Amino acid sequence: MDNSSNRIQSERARLSPKLLDHPYLFTPFPVASSQDKRQGYSKRAGSYSSGNLVEDKAYRYKMVQQALSDHLIPLLPPVVRYFDVGCADGKRTQDFIKLIESKSKLERVAAIDYSQGMVEQAKMLLGEDIVDHGDVTNLGFDGEFNVISLMYMVLGNVPEDSLPTALDQIYSATEPGGLACLNELGWDPHFLAENGYDSNNGNHGKYMVYFVRDPEGKPITNDQGKPIFFTQRMFRPGELQSLTSDAGFEIVHQQKIIPTDPRRRFKLEELLILRKN
């Protein structure tokens, strides 16, 4: 086991008992592996969309949908070939399709997710011929779509060293003049403070870490009976803009989805709408 793996295993051991009592902690290490994330998503695939009814998620989802309606829909071409990267159970893809069809003719739809459990759920909702298993770092398309979404923290699940590859793949799949949109967790000082972020006590870093939980709030366990770790990358101001610009995109709209709940349970998100020139 190399030094990096040793550090991650040590960090997982340190965080495990604390995460039983804290909904969120922070770490500088990507303690959740791709296998953790795939398994976590698959195990909650059947109840995934019900999580959007939780107060904070419902609010943020409504705000994102409104921002897309206000700022993406006016930019749509008359005929849309749409690709959803990270479709989860397909419910949000379905909502995105409704937004598109409020303005444009939908000529083609494709969707992928890297969780097999989510793929099976999405196929039942969207259709067998629309949904496939896939990874944002290996799409293999060449200018086939004029609208691409990678919404609800898709990039935050990508390994750090693969972020440029993921955005290069999105850029390649987008036709010239086409649009791409994404939203990710921003750097929210209020949320960090609410959850004890402190560079002096070990509770710090660019990854938010938590246990995957069922609708009753109990940690979901893996095949070994241990709680499944999950991490989300939090992007500091300007990071997403730099990454997408380096990939070749023009930013045509950017917006912060601002939390308003006085308990600060909500997490700030950044929404970007991009164009390939």
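You'll find the structure just up there.
A. Up close: the overall build of the protein chain. Counting secondary structure elements, the protein chain contains eight helices and ten strands. Computed over its C-alpha atoms, the radius of gyration of the protein chain comes to 18 Å, within 12% of the 19 Å expected for a compact globule of 277 residues. Across its three principal directions, the C-alpha atoms of the protein chain cover 55 × 40 × 35 Å. For the protein chain, the residues scored as buried account for 50% of the 277 residues in total. Summarising the internal contacts of the protein chain: among those between residues at least 6 apart in sequence, 75% fall at separations of at least 24. Summing over all exposed atoms, the protein chain offers an accessible surface of approximately 12,600 Å²; the carbon and sulfur share of this is 50%. Of note, the protein chain has its 32 positive side-chain charges centred 4 Å away from the centre of its 37 negative side-chain charges.

B. Structural view of the pattern of salt bridges. Counted according to the given criterion, the structure contains eleven salt bridges. For Glu11, the salt bridge is made with Arg14, and the minimal N-O distance between the two is 2.9 Å. You can see Glu11 and its partner Arg14 sitting in helix α1 (residues 3–19), three residues apart, about one turn around the helix. By relative accessible area, Glu11 is classed as buried at 7%. Linking Glu160 and Lys206 is a salt bridge whose minimum nitrogen-to-oxygen distance equals 3.4 Å. Of this pair, Glu160 sits in the loop between β5 (145–150) and α6 (163–173) while Lys206 sits in the loop between α7 (189–194) and β7 (207–211), and the two are 46 residues apart along the sequence. One continuous salt-bridge network, built from bridges that share partners, spans Glu160, Lys206, Arg233 and Glu239.

C. Representation of the side chain of Asn195. Structurally, the position occupied by Asn195 is in the loop between α7 and β7. Within the structure, the side chain of Asn195 is placed 3.0 Å from the backbone oxygen of Phe191, a separation counted as a polar contact. In this structure Asn195 touches Pro23, Tyr24, Phe26 and Asn203, once residues within four positions along its chain are discounted.

D. The arrangement of the state of the cysteines in detail. Counted by the stated rule, this structure contains zero disulfides. Here Cys87 stays unpaired: no disulfide links it, and the sulfur of Cys181, its closest cysteine neighbor, is 14 Å away. What makes Cys87 buried here is its relative accessible area of 1%.

E. Highlighting the packing of aromatic side chains. Applying the stated criterion to the full structure yields 16 aromatic pairs. Both rings, one in Tyr61 and one in Tyr152, keep their centres 5.5 Å apart while their planes meet at 45°; by these two values the pair is tilted. Of this pair, Tyr61 sits in helix α3 (residues 55–71) while Tyr152 sits in the loop between β5 and α6, placing them 91 residues apart in sequence. Judged by relative accessible area, which is 14%, Tyr152 ranks as buried. Between the aromatic rings of Phe141 and Phe145, the centroid separation amounts to 5.1 Å while the plane-to-plane angle is 85°, which identifies the pairing as edge-to-face. Here Phe141 falls in the partly exposed class, since its relative accessible area comes to 24%. Through a chain of ring-to-ring contacts, the aromatic side chains of Tyr24, Phe26, Tyr41, Tyr48, Tyr114, Trp187, Phe191, Tyr197, Tyr210 and Phe230 assemble into a single cluster. Taking NZ or CZ as reference, Arg233 lies 4.6 Å from the ring centre of Phe235, over its face. Lying over the aromatic face of Tyr171, Lys276 brings its terminal NZ or CZ to 4.5 Å of the ring centre.

What counts, and at which threshold
- Residues numbered from 1 in each chain as written.
- Predicted model: local features only at pLDDT ≥ 70, side-chain atom pairs only at ≥ 80, totals over all residues.
- Heavy atoms only, no water.
- Helix = DSSP H or I, 4+ residues; strand = E, 2+ residues; numbered from the N terminus.
- Rg over C-alpha atoms; globule rule 2.2 N^0.38 Å.
- Buried < 20%, exposed > 50% of the residue type's maximum accessible area, 1.4 Å probe, protein only.
- Contact = heavy atoms within 4.5 Å.
- Areas by Shrake-Rupley, 256 points an atom, 1.4 Å probe, with all protein chains shown as cover.
- Lys, Arg positive; Asp, Glu negative; His and termini not counted.
- Charge placed at Lys NZ, Arg CZ, Asp CG, Glu CD.
- Salt bridge = Lys/Arg side-chain N within 4 Å of Asp/Glu carboxyl O.
- Polar contact = N/O pair within 3.5 Å; in protein donor to acceptor, adjacent residues only side chain to side chain.
- Disulfide = S-S within 2.5 Å.
- Phe/Tyr/Trp six-rings, centres within 6.5 Å; stacked < 30°, edge-to-face > 60°.
- Lys NZ or Arg CZ within 6 Å of the ring centre and 35° of its normal.

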